[in-house]
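In case you want the letters, here they are:
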Amino acid sequence: MKSFSDLTEREILAVAIASEEEDGRIYQSFAEDLSERYPSSASVFEEMAEQEAAHRHALLNLYQKRFGPNLPPIRREDVKGFLRRRPIWLTRNLSLETIRKEAEVMEYESALFYQRAADRATDVGVRKLLGDLAAAEQGHETLAMRLGAQILTPGAKKEEDLAYRRFFILQYVQPGLAGLMDGSVSTLAPLFAAAFATHNNWETFLVGLAASIGAGISMGFAEALSDDGSLTGRGSPILRGGVCGLMTTLGGLGHTLPYLVPDAIPDSFAIATTIAGAVVFFELWAIAFIRARYMDTPFLQAVFQIVLGGAIVLAAGILIGGA
């Protein structure tokens, strides 16, 4: 995987061509999904798909003049820092709000990419075209306004947020939630295995503490190293990694802290384990709700992924510890 700063002008143009082609297909899939429910809204996405095709044609013509007919096999997935877009367009009957938010993020990212690419271009023609494309992306009418004027009823219309705010939520809130989910689930097995193997609160607490901190460090480094923020504008990798690592650690500590109940207290193990079990219950359901709220995941799917998955991990820990 290459860093954006290491790309040549040829590779930048090739990535841009592939991106415009993919975005055009995505907008066309949105149009097909909305054609029966919201035909006027579908026409907006058909127009956007046509714009992406025109952008791709202009980029391809410039590339052929500069570098010939052969494109290098590089896509945005091969460039460190590009957003890994969720393939929600593969799902039918998406809500209009979900599609609208995804399209706004796509427009924002495309404009940012062309701005950064134009700044690095040395050829006058390449620089001009990339700058024009950045202006075109920025000059799009606000998608929410266009859709709202045509098809959204007053009861269905929500307060409009700026695209950059959604982008911020996507890039900062989601890493934190990912860390919270990982910390809450991944530490269940070692914690409860230690608990039922030793029946000692303090030793169980030490195992849970080590697992929580270890998972936090691992997730923090993974998030920080996944994207340096130079292209996507996601901000400092240290900050994002710190948020992700901190939330991972907190997710594990939630059901670890009950084992601070002193062993000298009668039935201390049963008390600590009961409290920890209750914490796990509320923890998993809360995370399922947050995932459904902020990650556009259907609630039942979130419950299946988080609650059922966590219960299986918990049961595995108890069985291993009691063996």
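Everything discussed here concerns the structure shown above.
Given the structure is predicted, the values throughout are model-derived calculations rather than measurements.

Caption draft 1: Expanded view of the environment of Leu225. Looking at the element boundaries, Leu225 is found in helix H8 (residues 201-226). Of the residues examined, Leu225 reaches a relative accessible area of 58% and is grouped as exposed. Remark: the alpha-carbon pair of Leu225 and Lys80, spanning 145 residues in sequence, is separated by 9.4 Å.

Caption draft 2: The arrangement of the side chain of Ser184 in detail. Topologically, Ser184 is positioned in helix H6 (residues 163-186). What makes Ser184 buried here is its relative accessible area of 0%. Residues within four places of Ser184 in sequence aside, it is in contact with Gly251, Gly252, His255, Glu283 and Ile287.

Caption draft 3: Structural detail: the packing of helix H1 (residues 9-34) against helix H2 (residues 39-67). Where H1 contacts H2, the axes come no closer than 8 Å and their chain directions differ by 160°. Judged on the interaxial angle alone, H2 and H1 are roughly antiparallel. Here H1 runs over H2; the crossing is left-handed. Of the residues in the contact of H1 with H2, the class split is 17 nonpolar, four polar and nine charged.

Caption draft 4: Representation of the nonpolar core in the model. Of all hydrophobic cores here, the largest spans 24 residues; its most connected members are Phe4, Ile12, Leu13, Leu59, Phe113, Tyr114 and Leu130. Elements with a contribution of two residues or more to this core: H1, H2, helix H3 (96-120) and helix H4 (124-138). Per-element accounting of this core gives the leading share, six residues, to H1. The contact partners of Leu130, leaving out residues within four places of it in the chain, are Ile12, Leu13, Leu59, Tyr114, Ala117, Ala118 and Ala121. In terms of nonpolar packing, the next biggest core, distinct from the first, is built from 22 residues, Leu188, Phe192, Val261 and Val307 among them.

Cut-offs and rules
- Residues numbered from 1 in each chain as written.
- Predicted model: local features only at pLDDT ≥ 70, side-chain atom pairs only at ≥ 80, totals over all residues.
- Heavy atoms only, no water.
- Helix = DSSP H or I, 4+ residues; strand = E, 2+ residues; numbered from the N terminus.
- Buried < 20%, exposed > 50% of the residue type's maximum accessible area, 1.4 Å probe, protein only.
- Contact = heavy atoms within 4.5 Å.
- Axes fitted to C-alpha atoms, helices over the stretch in contact; angles between N-to-C directions.
- Parallel < 35°, antiparallel > 145°, perpendicular 65-115°, else oblique.
- Left-handed = near helix turned anticlockwise from the far one by under 90°.
- Nonpolar A, V, L, I, M, F, W, Y, C, P; charged D, E, K, R; others polar.
- Core = buried A, V, L, I, M, F, W, Y, C linked by side-chain atoms within 4.5 Å.

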